[in-house]
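Residues per chain are reported as follows:
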Amino acid sequence: MKQIVLSAFLALAFLSNVTAQSKKKQDQKAIKDMCGCYEVTFNFAETFEYSEDSTYIPSKVKHDKGLEWVQLVEDSKDKISMQHLLIVGSKEHPYIVKHWRQDWEYQNTDLYEYNHDNNWTYVSLPKDKVKGQWSQKVFQVDDSPRYEGSASWVHVDGKSYWESTTSAPLPRREYTKRSDYNVTVRSNRHEIVDNGWIHDQDNDKVIRENGKKDIVLAQEKGYNTYVKVEDSKCKAAQDYWKENQAKWAIVRAKWDEVFARNKDLSLEEKVDNKVLFKYLFDEENYKTADEINPLIESFVKK
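Residues numbered from 1 in each chain as written. Predicted model: local features only at pLDDT ≥ 70, side-chain atom pairs only at ≥ 80, totals over all residues. Heavy atoms only, no water.

## Quick look at unusual backbone geometry
At step 1: Positioned with a positive phi, D157 is a non-glycine residue whose angle comes to about 55 degrees.
At step 2: Along the chain, the position of D157 falls in the loop between β9 (154–156) and β10 (159–168).
At step 3: Judged by its relative accessible area of 75%, D157 is exposed. (Helix = DSSP H or I, 4+ residues; strand = E, 2+ residues; numbered from the N terminus. Buried < 20%, exposed > 50% of the residue type's maximum accessible area, 1.4 Å probe, protein only.)

Pasting the structure below:
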């Protein structure tokens, strides 16, 4: 009898492992389906406002579009990294903007949660809480941290999607124009569709202060579509990455070393009155580890 029970238990464990591995492969395919060349639309509208100030002015509705190459940077057992490269300018004279990066890590327990005012809180999650989940880590154009969230990919009724809610700094389209709030609480949904993928967002614009309850100033809808086109349309971005990937590998490695310290992180907004990405986008300097590592370290508050 004991032998029968043991055999049944082992069979169930084997079946469970096979199912988990099959699900993981589905997840990996969905994530990597976001790579390639896309015509992108960026759409944002402030939907509700809660300010008691009668002079409050909501953000204008934003509609923008562009061509973007999503480059697969790393594809290992438990991590997939993808770099977004925006192509601007004319077809004859394209200019490449190193855009945001997203890293996906399987059953990741180490997260940096954005607090406010350029501070991130290190969080170590229990293994059972992230079982079967993927964390999405989003990085700024200089590969400094932006926001992270962990959740399960869902594959049902022909749909594949992932959604999570987490705090983040203000996006560039806002912080260059707004100073009346300091945190965006983002509800992100990434859904794979037949012609590409959709980045769907429901965001709260939040005023956050230590020791006080968050104040929601307004809410916002974001709806960005990525429509797949021929990879050849993004050749300029592919060429840029071939020429510059070694430099950005050094930058990522330095940031990985900073994150591996597993402690709360505070960053300077500027050093010598200059933001980090302006240093790193300098094509003449900051090419080697000897130049890049101390630069990044100078932005880490001790």
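There is more to say after this.
## Considering the pattern of salt bridges
At step 1: Summed over the entire model, instances satisfying the criterion amount to 31 salt bridges.
At step 2: Between K233 and E39 there is a salt bridge whose closest N-O contact spans 3.9 Å. Here E39 lies in strand β1 (residues 36–49) and K233 lies in the loop between β13 (215–229) and α3 (235–259), a separation of 194 residues in the sequence.
At step 3: Taking relative accessible area as the criterion, K233 reaches 48% and is therefore assigned partly exposed. (Salt bridge = Lys/Arg side-chain N within 4 Å of Asp/Glu carboxyl O.)

## Focus on the sheet that holds strand β14 (residues 265–266)
Strand pairing within a sheet occurs via backbone hydrogen bonds; the two strands may be parallel or antiparallel.
At step 1: Strand order in this open sheet of 3 strands is β5-β6-β14, and the pairing throughout is antiparallel. Where the open sheet ends on each side, the last strands, each with one partner, are β5 (110–114) and β14.
At step 2: Across 5 bridges, the pairing between β5 and strand β6 (residues 119–124) is antiparallel. From the neighbouring strand, Y114 faces β6, where its bridge partner is W120. (Pairing = 2+ DSSP bridges.)

## Side note on the pairing of β13
At step 1: Direction of pairing for β1 relative to β13: antiparallel, over a ladder of 10 bridges. Within β13, the position partnered with V40 by the bridge is Y226.
At step 2: One ladder, built from 12 bridges, connects strand β12 (residues 196–207) with β13; its direction is antiparallel. Its bridge partner lying in β13, I207 is registered against I215.

## Quick look at helix α5 (residues 289–298)
In an α-helix, one turn spans 3.6 residues; hence positions three or four apart end up facing the same way.
At step 1: Taken as a whole, α5 has its buried residues at I292, L295, I296 and E297.
At step 2: Next to the buried residues of α5 lie α3 and α4 (276–280). (Contact = heavy atoms within 4.5 Å.)

## Here's the deal with the layout of surface pockets
At step 1: There is about 750 Å³ of room inside the largest pocket.
At step 2: Grouping the amino acids of the lining of the largest pocket by side-chain chemistry returns 13 nonpolar, 7 polar and 8 charged.
At step 3: Approximately 640 Å³ is the volume found for the second largest pocket.
At step 4: Contributing to the lining of the second largest pocket are 27 residues, with N118, Q140, P169, Y175 and E269 lying nearest its centre.
At step 5: Looking at the lining of the second largest pocket, the elements that each hand over two or more residues are β8 (145–151), α2 (172–175) and α4.
At step 6: Broken down by class, the residue content of the lining of the second largest pocket amounts to 14 nonpolar, 5 polar and 8 charged. (1 Å grid on protein atoms, 1.4 Å probe; cavity = no way out; pocket = protein on both sides within 12 Å on 5 of 7 lines; lining within 4 Å. Points joined across faces, edges and corners; volume = space filled by probe spheres on them. Nonpolar A, V, L, I, M, F, W, Y, C, P; charged D, E, K, R; others polar.)

## Structural notes on the sheet that holds β1
At step 1: Reading across the sheet, the 11 strands line up as β8-β7-β4-β3-β2-β1-β13-β12-β11-β10-β9 and stay open at both edges, with antiparallel pairing between neighbours. Of all the strands in the sheet, the pair left with one neighbour each is β8 and β9. For this sheet, the mean angle separating the axes of adjacent strands, direction not counted, is 25 degrees.
At step 2: Summarising the sheet, strand β11 (residues 183–193) and β12 pair through 11 bridges and their orientation is antiparallel. Along β12, the bridge assignment pairs I192 with W197.
At step 3: Those strands touched by α3 are β2 (62–75), β3 (79–89), β4 (94–106), β7 (134–139) and β8, and its axis lies near 45 degrees from that of β4. (Axes fitted to C-alpha atoms, helices over the stretch in contact; angles between N-to-C directions.)

## Focus on the side chain of E297
At step 1: With respect to the secondary-structure elements, E297 resides in helix α5.
At step 2: Using a relative accessible area of 17% as the deciding quantity, one classes E297 as buried.
At step 3: For E297, the side chain forms a polar contact with the side chain of K302, separated by 2.2 Å.
At step 4: With sequence-adjacent residues up to four places away left out, E297 is seen in contact with K254, E257, V258, R261 and K302. (Polar contact = N/O pair within 3.5 Å; in protein donor to acceptor, adjacent residues only side chain to side chain.)

## Comments concerning the packing of α3 against α5
At step 1: Relative to each other, α3 and α5 sit at 40 degrees, their axes nearing to 10 Å. In terms of axis orientation, α3 runs oblique to α5. For α3 against α5, the interelement crossing comes out right-handed. Counting all contacts with α3, which are made through K247, I250, V251, K254, W255, E257 and V258, the residues of α5 involved are A289, I292, N293, I296 and E297.
At step 2: Classifying every residue of the contact of α3 with α5 gives 7 nonpolar, 1 polar and 4 charged. (Parallel < 35°, antiparallel > 145°, perpendicular 65-115°, else oblique. Left-handed = near helix turned anticlockwise from the far one by under 90°.)

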